[in-house]
Amino acid sequence: MGIKYVEEKKIFHLDTGHTTYLIGLSPEGYVGHIYYGRRLKSGGSNYLLRMNEAPFTPSVREREKASFMDFFPTEYPAGGVGDYRESCLDVRSASGSVGCELIFKEYRIFRGKPGLAGLPASFGREGEVETLELVCEDALLKLEVTLSYSVFADTDVITRSVRVENRGEEHLKLEKVYSACLDMDNREFEMLTLVGSWARERHIQRGRIRCGKQMVSSTKGESSHQEHPFLALVTPETTEETGEVYAMNFVYSGNFMAQAELSQFRQVRMTMGIHADYFCWNLRPGESFQAPEAVLTYSAEGLGRMTRNFHDFYRGHLIRSPHQYAKRPVLINNWEATYFDFNSEKLLEIAREAKKAGIEMLVMDDGWFGKRNFDDSSLGDWTVNEEKITSGLPDLVRKVNEIGLQFGIWFEPEMISPDSELYRKHPDWAIQIAGRTPAQSRTQYVLDLSRKEIVDYAYNCVAKILRSAPIAYVKWDMNRQLCDIGGACLDRESQGELMHRYVLGVYEMQERLVTDFPELLLENCSGGGARFDPGMLYYSPQIWCSDNVDAVERLRIQEGTALVYPLSTMGAHVGDCPNHIVGRNTPFDTRAHVAMAGAFGYELDITKIAEEERAKIPAQVEEYHRYQPLMQRGDYYRLASWSMEKPYDCWEVASKDGSEALVTFVQVLAEPNVHSYALRLKGLLAQAEYVLEGTDQTWYGEELMQCGYLVLSGQGDFRSSRYHFVKKQ
Ligand code: DGJ
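Thresholds applied
- Residues numbered from 1 in each chain as written.
- Predicted model: local features only at pLDDT ≥ 70, side-chain atom pairs only at ≥ 80, totals over all residues.
- Heavy atoms only, no water.
- Near = heavy atom within 4 Å.
- Polar contact = N/O pair within 3.5 Å; in protein donor to acceptor, adjacent residues only side chain to side chain.
- Areas by Shrake-Rupley, 256 points an atom, 1.4 Å probe, with all protein chains shown as cover.
- Nonpolar A, V, L, I, M, F, W, Y, C, P; charged D, E, K, R; others polar.
- Disulfide = S-S within 2.5 Å.
- Buried < 20%, exposed > 50% of the residue type's maximum accessible area, 1.4 Å probe, protein only.
- Pairing = 2+ DSSP bridges.
- Helix = DSSP H or I, 4+ residues; strand = E, 2+ residues; numbered from the N terminus.
- Axes fitted to C-alpha atoms, helices over the stretch in contact; angles between N-to-C directions.
- Contact = heavy atoms within 4.5 Å.
- Patch = residues over 30% accessible without salt bridge, like charges linked within 9 Å, V, L, I, M, F, W, Y side chains within 5 Å.
- Salt bridge = Lys/Arg side-chain N within 4 Å of Asp/Glu carboxyl O.
- Parallel < 35°, antiparallel > 145°, perpendicular 65-115°, else oblique.
- Left-handed = near helix turned anticlockwise from the far one by under 90°.
- Core = buried A, V, L, I, M, F, W, Y, C linked by side-chain atoms within 4.5 Å.
- Phe/Tyr/Trp six-rings, centres within 6.5 Å; stacked < 30°, edge-to-face > 60°.
- Lys NZ or Arg CZ within 6 Å of the ring centre and 35° of its normal.

Novice: Which parts of the structure should I look at to understand the site of the ligand?
Specialist: Not every one of the 13 residues close to the ligand is listed here, only the nearest: Asp 365, Asp 366, Lys 475, Asp 477 and Asp 547. Interatomic distance of 2.7 Å between a side-chain N/O atom of Asp 366 and an oxygen atom of the ligand. Within the side chain of Lys 475, a nitrogen or oxygen atom sits 2.7 Å from an oxygen atom of the ligand. Calculation on the ligand without its partners gives an accessible area of 290 Å², and the protein chains cover 98% of this total. For the shell around the ligand, the class distribution of residues is 4 nonpolar, 3 polar and 6 charged.

Dropping the structure here:
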């Protein structure tokens, strides 16, 4: 396992536990992609580069460059020199032409993995990860391009990133720098993506790829509600357990592009990187540019294995927070309880009831600062509104702590309201195009975080509040997308850098936050789940999944989210009924069972809900904590999917050693005149005997896995149940 170079064949072997990735060099030094897939135990050679095949008659006698370039399966295609498929690197020279030809120069193989300056990135100890750097250059531009591959053998993941350095004397412009490319023969691939909208984030979409380019992307300045920086190509027969899956996920929180292109020669090019629209980076002599990281995994055992690779990888190699495996407090958030209409007394009332029910933290959401009584003012004025928080924040926090709850607070640090002291003082701090009235969204503008003084201001506002009282948790929100992309301090040449510099500014603020407040539990959020991405997981162990807390809608949202991200990262709360977004009524138990799939909490006015619901909360809190270690570390299996046409939804988390498994079943719509459903469990030990907790019924692991556990379809919609199977000693 690991990385080796076979000099005679000019082939680099990258091996993980179950996969092999082969890179080969052409005689000229083009870096070709030979193979990615199931682990090859013996050798490997470069015949798949097909270097001597003539794709069309005019070049039949000998290889002709343009037709060669347009077919050669390459690791990192640069644009302008004959490969007409999607390029990964477009460089404009000082003379104005676009063209770049990358020729291999040297390589380095070493243990460990360096960080990426200013960017979130996965990590591993020396024994866990090895890195290959392929250094290529364009002799004319004097441009050096380093392709980095880090191999995480334990999770079948290979990460990729790219660094571009100007070693010449000319001022170059990078018009596109993607992070990863995978050229493969088409195997009737289907493209699986996560798409949606506000309150409908990350629904799974799957369909056959066609000739030409198909992509998901965002130019909204964040990863977005609508399309997600994830792409998988799957063979047609792929199910949860069978079929081949090639997946890429982007460790970045801004504009992105993830694309599959089916070419004239039935090859597929899969690419991922920062979207080239609105992007142009100056690379002056001596400067370098670091592209973000892409995470690649291959599974020969269907989507389930892909999911578990991502989960293990993110838990082990991306999430840094000390809270990841710690007992997470069950919180109550006042947003859906009060919206902007609250004061200290109301919060204390909620806190007192919450304490009685066993809840552990109160989170004060939007509306506590400036003169914000609606969403049309005060962003940027991070001073406590003492008309609402009457005796001041430290006193409120003290009282909440005395009641026995921790205290958490909401911020939206990246924004500025036109109606704010900050805007009156610094109207130029908003992102805008000089001379054009910028578009408002939720009556707000976005701060220009490409400017150091604005990053400092926004960060210091947050830090000052956190230093004023013992605050244990921050919800970092971001409620609008970027447009009118203009920066007052960037010159004409540099306007194309703004959107990436903005993201770097966000990362810098979050890095400072987690460094200065190492104990803080940070939850990222963006108008629901518009910034649920691996970049954010580097800073926060949990992210608000969606503003939609309806139990049925959440099945689909959480299924799509958990396709890639560990359950413990999904902020999930029990809301009130009828649900505020879809008006649906669901049982309190079902809302809790669905929310317990993620980082659990409540989002309702506990002082007003029915007594029988309130009475259920202590047992729910206890149940969440009881299974939390299993949910945080176990293997997740989708057993049945309501969104994929089943009348019920079912998922399981099994411990890695097979000693226990927790199954959650949700009967979405009751079916008449059917027998019981057989739920075939996964991840158990075939020969071990399991008892269903709370009963004396036992089964062998193989019975539960091959024959199934029977669940009756009873009466009534939206009912749920949970089953905990424990291996007998
Ligand atoms: C959007 C978030 O997703 C909500 O939970 C809430 O915090 C509001 N913003 C507050 O404005």
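Novice: Would you mind going over the state of the cysteines with me for this structure?
Specialist: Note: disulfide means a covalent bond formed between the sulfur atoms of two cysteine side chains. Tallied over the full model, the rule gives 0 disulfides. Between Cys 545, a cysteine without a disulfide, and Cys 525, which holds the nearest cysteine sulfur, the sulfur-to-sulfur distance is 11 Å. With a relative accessible area of 0%, Cys 545 lands in the buried category. In this structure Cys 577 is a free cysteine whose sulfur lies 18 Å from that of Cys 545, the closest cysteine sulfur available. The exposure class of Cys 577 is partly exposed, given its relative accessible area of 21%.

Novice: Can you walk me through the sheet that holds strand 21 (residues 331-333) in this structure?
Specialist: As a general point, the strands of a sheet are linked pairwise by backbone hydrogen bonds and lie either parallel or antiparallel. What the 8 strands build is a closed barrel, ordered 21-22-23-26-27-28-29-30; its pairing is parallel. Averaged over all adjacent pairs, the angle separating strand axes in this sheet is 30°, with direction ignored. Bridge count between strand 27 (residues 521-524) and strand 28 (residues 542-544): 2 bridges; the pairing is parallel. Note on strand 28: the bridge partner recorded for Asn 524 is Ile 543. Across the sheet, helix 4 (residues 344-356) is in contact with strand 21 and strand 22 (361-364); its angle to strand 22 comes to roughly 155°.

Novice: Whenever I open this one, a nonpolar patch on the surface confuses me. Can you help?
Specialist: Residues Trp 198, Ile 581 and Val 582 make up a contiguous nonpolar surface patch of roughly 240 Å² in combined accessible area. The residue Val 582 is located in the loop between strand 29 (570-575) and helix 11 (588-595) in this model.

Novice: What exactly am I supposed to notice about the environment of Cys 181 here?
Specialist: Positionally, Cys 181 belongs in strand 10 (residues 172-185). Along the backbone, Cys 181 and Asp 395 are 214 residues apart, and their C-alpha atoms lie at a distance of 54 Å. Leaving out residues up to four positions away in the same chain, Cys 181 has contacts with Tyr 21, Thr 74, Glu 75, Pro 77, Cys 88, Arg 160, Met 248, Arg 269, Met 270 and Thr 271.

Novice: Explanation requested: the pattern of salt bridges in the structure shown.
Specialist: By the definition in use, this model includes 65 salt bridges. For Arg 442, the salt bridge identified is with Asp 366, shortest N-O distance 3.7 Å. With Arg 442 in the loop between helix 6 (421-425) and strand 25 (445-446) and Asp 366 in the loop between strand 22 and helix 5 (393-403), this pair connects stretches of sequence that are 76 residues apart. By relative accessible area, which is 1% here, Asp 366 ends up buried. Across the pair Glu 553 and Arg 584 runs a salt bridge, and its minimum N-O distance is 3.7 Å. Here Arg 584 lies in the loop between strand 29 and helix 11 and Glu 553 lies in helix 10 (residues 551-562), a separation of 31 residues in the sequence. Linked by salt bridges that have partners in common, Asp 83, Arg 85, Asp 183 and Arg 269 make up one network.

Novice: Help me understand the sheet that holds strand 3 (residues 19-25), please; the structure alone is not making it clear to me.
Specialist: As summarised here, the arrangement of the 4 strands in space is 1-2-3-4, forming an open sheet in which the pairing is antiparallel. Here the strands that pair on one side only, and so sit at the sheet edges, are strand 1 (2-6) and strand 4 (31-38). Taking the axes of each pair of neighbouring strands and ignoring which way they run, one obtains an average angle of 15° across the sheet.

Novice: Sorry if this is basic, but what is going on with the environment of Trp 699 here?
Specialist: Note on placement: Trp 699 falls in strand 36 (residues 698-700). Residue classification places Trp 699 among the buried residues on the basis of a relative accessible area of 14%. Leaving out residues up to four positions away in the same chain, Trp 699 has contacts with Ala 688, Glu 689, Tyr 690, Leu 692, Leu 704, Tyr 709 and Phe 725.

Novice: Can you walk me through helix 5 in this structure?
Specialist: An α-helix turns once every 3.6 residues. As a result, residues three or four positions apart point the same way. Listing the buried residues of helix 5 in full gives Leu 393, Asp 395, Leu 396, Val 397, Val 400 and Ile 403. If you follow the buried residues of helix 5, they end up packed against helix 4, strand 22, strand 23 (406-411) and helix 7 (452-468). Looking at the residues trailing helix 5, positive phi occurs at Gly 404, about 115°.

Novice: What is the right way to read the packing of helix 7 against helix 8 (residues 498-516) from this model?
Specialist: Contact pair helix 7 / helix 8: the axes reach a minimum separation of 10 Å and the direction vectors enclose 25°. Classified by the angle between their axes, helix 7 and helix 8 sit roughly parallel to one another. The handedness of the crossing between helix 7 and helix 8 is right-handed. Residues Val 455, Asp 456, Ala 458, Tyr 459, Asn 460, Val 462, Leu 466 and Arg 467 of helix 7 pack against Gly 505, Glu 508, Met 509, Arg 512, Leu 513 and Asp 516 of helix 8. Partitioning the contact of helix 7 with helix 8 into residue classes produces 7 nonpolar, 2 polar and 5 charged.

Novice: Help me understand the nonpolar core in this model?
Specialist: General note: in soluble globular proteins, nonpolar side chains tend to be found buried as a group. Counting 199 residues, the largest nonpolar core has Leu 89, Trp 368, Ile 409 and Tyr 602 as the members making the most contacts within it. Setting aside anything within four residues of it in sequence, one finds Trp 368 in contact with Phe 342, Trp 382, Thr 383, Val 384, Asn 385, Ile 389, Ile 409, Trp 410, Phe 411 and Ile 465. In this structure, Ala 661, Val 663, Phe 665 and Tyr 709 belong to the second largest nonpolar core, which totals 23 residues.

Novice: Before we go on, may I ask you to explain the packing of aromatic side chains in this structure?
Specialist: Each pair of aromatic rings is reported with the distance of its centres and the angle of its planes. Enumeration according to the criterion identifies 48 aromatic pairs in this entry. Pairing Trp 429 with Tyr 457 gives two aromatic rings, centres 5.4 Å apart and planes at 70°, and the pair type is edge-to-face. Linking Trp 429 in the loop between helix 6 and strand 25 with Tyr 457 in helix 7, this pair joins segments that are 28 residues apart in sequence. Among the residues examined, Tyr 457 registers a relative accessible area of 27% and is labelled partly exposed. We note Lys 475 situated over the ring of Trp 544; from NZ or CZ to the ring centre the distance is 5.6 Å. Above the face of the Trp 544 ring, Arg 554 is positioned so that its terminal group lies 4.9 Å from the ring centre.

By themselves, these figures tell us nothing about what the structure is for.
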